[in-house]
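Structural description and commentary
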Amino acid sequence: MNEIRIVIISKGDELPEMLCCDFFHSDALFRIIENTPGQKPYMVIAYEGDDIVAHMLVMLRRRGALIPPYLFTQARVYGEGEYAQDCDKEEIFGQMLKHVVRKLRRDLCMYIEFSDLSSKMFGYGKFRSHGFFPVHWMEIHNSLHSMSPTKRLTPRMSRLIANAEKSGFTTVVAKTDEELYAFFKILRGRISLKVRRFIPDCRLFAELLRRGSCRLYATYYKGEVAGGCICVYSRDNCYLWYLATRRKLYKKRANSITVWTAIKQAYDEGSWHIYFMDVGLPFKKNKFRDFILGFGGKPVGTYRWFRCTFKWINNLLSWIYRE
């Protein structure tokens, strides 16, 4: 393999032509993030000679907090990027990771998070050598290509969906901005107090919907939007990104009909899997995880990798989450 050259681009008009199959590392998402308030994209590109052999999209997010430092930035990466065939993925990833850490340290980014890697052990040594620490995480995905999703439902989930329909809950594919704004208001109310969770500006979702890059399923109850979910489609798979329901409702019933509609739609359109992107930490008791498993999915233990810019905090967290 010839010498690899790494370039980091932060402006859309400087992007070269690239073959993008993964939505989370695409030039289209780069340009949408570039025009979203509070966010900044970095496209990390690996060249071998004049040929692009890999690229990875890093999303830099500006966030506020009630405690010091009050305003900070967080970097988020979904997956390890896209690579040319027959290249040394881990070696190239290690070089891209080195440049990412150096760039974000100069930008005073508070912490970096990698999730949704292709395999649990991908890049383990590279992450460790650059100061990242792993946190055990739980992921769930449903196979849609080998069996009808109806046959995978547990009896309890089947009853829950039936009760939701009897109670008057219905889920449709949202088509108006009003439906998006109503769901976004619910989503903010459900997640805004959770420290680690981040909700992008509503304009990001509006642009994704306009381009057909994602779909919003809106759940109605008594004529009003009571909840919903946002799904992204990439590489013949469906990714359930955000799920929320209004407070003081039949939460499980509303969520059951929402998720079930998304699963059926993905199945009908030929998706191979549906991935639930944030089921949470693998505690022995996790109500949300148990709920999602009722749809017949497969639980998978994996890692999320974190790195804090402040060395003493990073060392402390590394010790807390030591294996």
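Presented here is an overview of the structure given in this document. Along each chain, numbering runs from 1 in the same order as the chain's sequence is written. Only residues with pLDDT of 70 or above have their local features reported here, since the model is predicted, and side-chain atom pairs are shown and tallied only from 80 upward, although totals for entire chains, interfaces and linings are computed over all residues. The side-chain values count all of the structure's non-hydrogen atoms but skip hydrogen atoms and water molecules.

Here we come to the overall build of the protein chain. Each helix and strand counted, the protein chain has 10 helices and 13 strands in total. For the protein chain, whose C-alpha radius of gyration is 20 Å, the value lies close to the compact-globule estimate of 20 Å for 323 residues. Residue pairs in contact within the protein chain that sit at least 24 positions apart in sequence constitute 71% of those at least 6 positions apart. For the area figures, the Shrake-Rupley method with a 1.4 Å probe applies, and any residue is considered shielded solely by the protein chains shown. Approximately 16400 Å² of the protein chain is accessible, and the part contributed by carbon and sulfur atoms is 52%. In this tally Asp and Glu are treated as negative and Lys and Arg as positive; neither His nor the chain ends contributes. The location of each charge is read from NZ of Lys, CZ of Arg, CG of Asp or CD of Glu. Where the 51 positive side-chain charges of the protein chain centre and where its 33 negative ones centre are 13 Å apart. A run of H or I in DSSP counts as a helix once it spans at least four residues, and a run of E counts as a strand once it spans at least two, with each numbered from the N terminus. Between the two quantities, the radius of gyration covers C-alpha atoms and the globule rule is 2.2 Å times the number of residues to the power 0.38. By definition in these notes, contact holds between two residues if any of their heavy atoms fall within 4.5 Å.

A few words now on helix α7 (residues 202-211). For each residue, the accessible area found with a 1.4 Å probe, counting protein chains only, is set against the maximum for its type, and the residue is called buried under 20%, exposed over 50%, and partly exposed in between. Of all the residues in α7, the buried ones are C202, L204, F205 and L208. The buried residues of α7 occupy one face: seen down the axis, they fall within an arc of 155°. Summarising the geometry of α7, the exposed residues directed more than 90 degrees from the buried face are R203 and R210. For α7, the N-terminal cap is D201; the gap from its side-chain oxygen to the backbone nitrogen of R203 is 2.8 Å. Taken from the residues just after α7, G212 is the one with a positive phi, measuring 80°. Taking the helix axis as origin, the arc is that swept by the directions to the C-beta atoms. Polar contact criterion, stated in full: a pair of N or O atoms within 3.5 Å, where within protein one must be able to donate a hydrogen and the other to accept it, and residues adjacent in sequence count only if both atoms are side-chain atoms.

Another aspect to go through is the pairing of strand β12 (residues 273-276). One bridge is not enough; two strands pair if DSSP finds at least two bridges between them. For strand β7 (residues 133-143) and β12, the ladder comprises 4 bridges, and the chain directions are antiparallel. Following the sheet pairing, H141 is matched in β12 by Y275. Where strand β11 (residues 237-245) lies against β12, 4 bridges are found, and the strand directions are parallel. Bridged to N237 within β12 is H273. Tracing the backbone out of β11, into helix α8 (residues 251-268) and back to the parallel element β12 gives a crossover that is right-handed. By the criterion used throughout, a crossover qualifies as right-handed when its path from the first strand across the helix to the second strand runs clockwise, the strands pointing away from the viewer.

A few words now on empty space enclosed by the protein. Here a cavity denotes grid points, spaced 1 Å and computed from the protein atoms alone, that fit a 1.4 Å probe unable to get out, and a pocket denotes an open set having protein on both sides within 12 Å along at least 5 of 7 lines; residues with an atom within 4 Å of a point are the lining. Grid points are joined across faces, edges and corners, and a volume is the space filled by probe spheres set on the points. What the rule picks out here adds up to 2 cavities of 30 Å³ or more. Its volume calculated, the second largest cavity comes out at about 30 Å³. Contributing to the lining of the second largest cavity are L29, I33, Q39, M59, R61, P200, L204 and W241. Of all elements in the fold, only α1 (27-34) and β3 (51-64) reach the threshold of two or more residues within the lining of the second largest cavity. Note on residue classes: Ala, Val, Leu, Ile, Met, Phe, Trp, Tyr, Cys and Pro are nonpolar, Asp, Glu, Lys and Arg are charged, and everything else, Gly too, is polar. Per-class residue counts for the lining of the second largest cavity are 6 nonpolar, 1 polar and 1 charged.

Right, let's get into unusual backbone geometry. Positive phi values are uncommon outside glycine, yet L108 reaches one of about 60°. Note that L108 resides in the loop between α2 (89-106) and β6 (111-115). Given the relative accessible area of 68%, L108 is considered exposed.

We now examine the pairing of β6. Counting buried positions over the 5 residues of β6 gives 5, a clear majority of the element. Burial of the side chains of β6 extends over both faces: Y111, E113 and S115 are buried on one face and I112 and F114 on the other.

Here we come to the packing of helix α5 (residues 155-167) against α8. At a closest axis distance of 8 Å, the pairing of α5 and α8 adopts a crossing angle of 100°. In terms of orientation, α5 lies roughly perpendicular with respect to α8. Residue-level contacts link R156, M157, L160, I161, N163, A164, E165 and S167 of α5 to K252, R253, S256, I257 and W260 of α8. Classifying every residue of the contact of α5 with α8 by side-chain character gives 6 nonpolar, 3 polar and 4 charged. The axes are straight lines fitted to the C-alpha atoms, using for helices just the contacting stretch, and the angles between their N-to-C directions are given from 0 to 180°. Roughly parallel refers to an angle under 35 degrees, roughly antiparallel to one over 145, roughly perpendicular to one between 65 and 115, and oblique to any angle outside these ranges.

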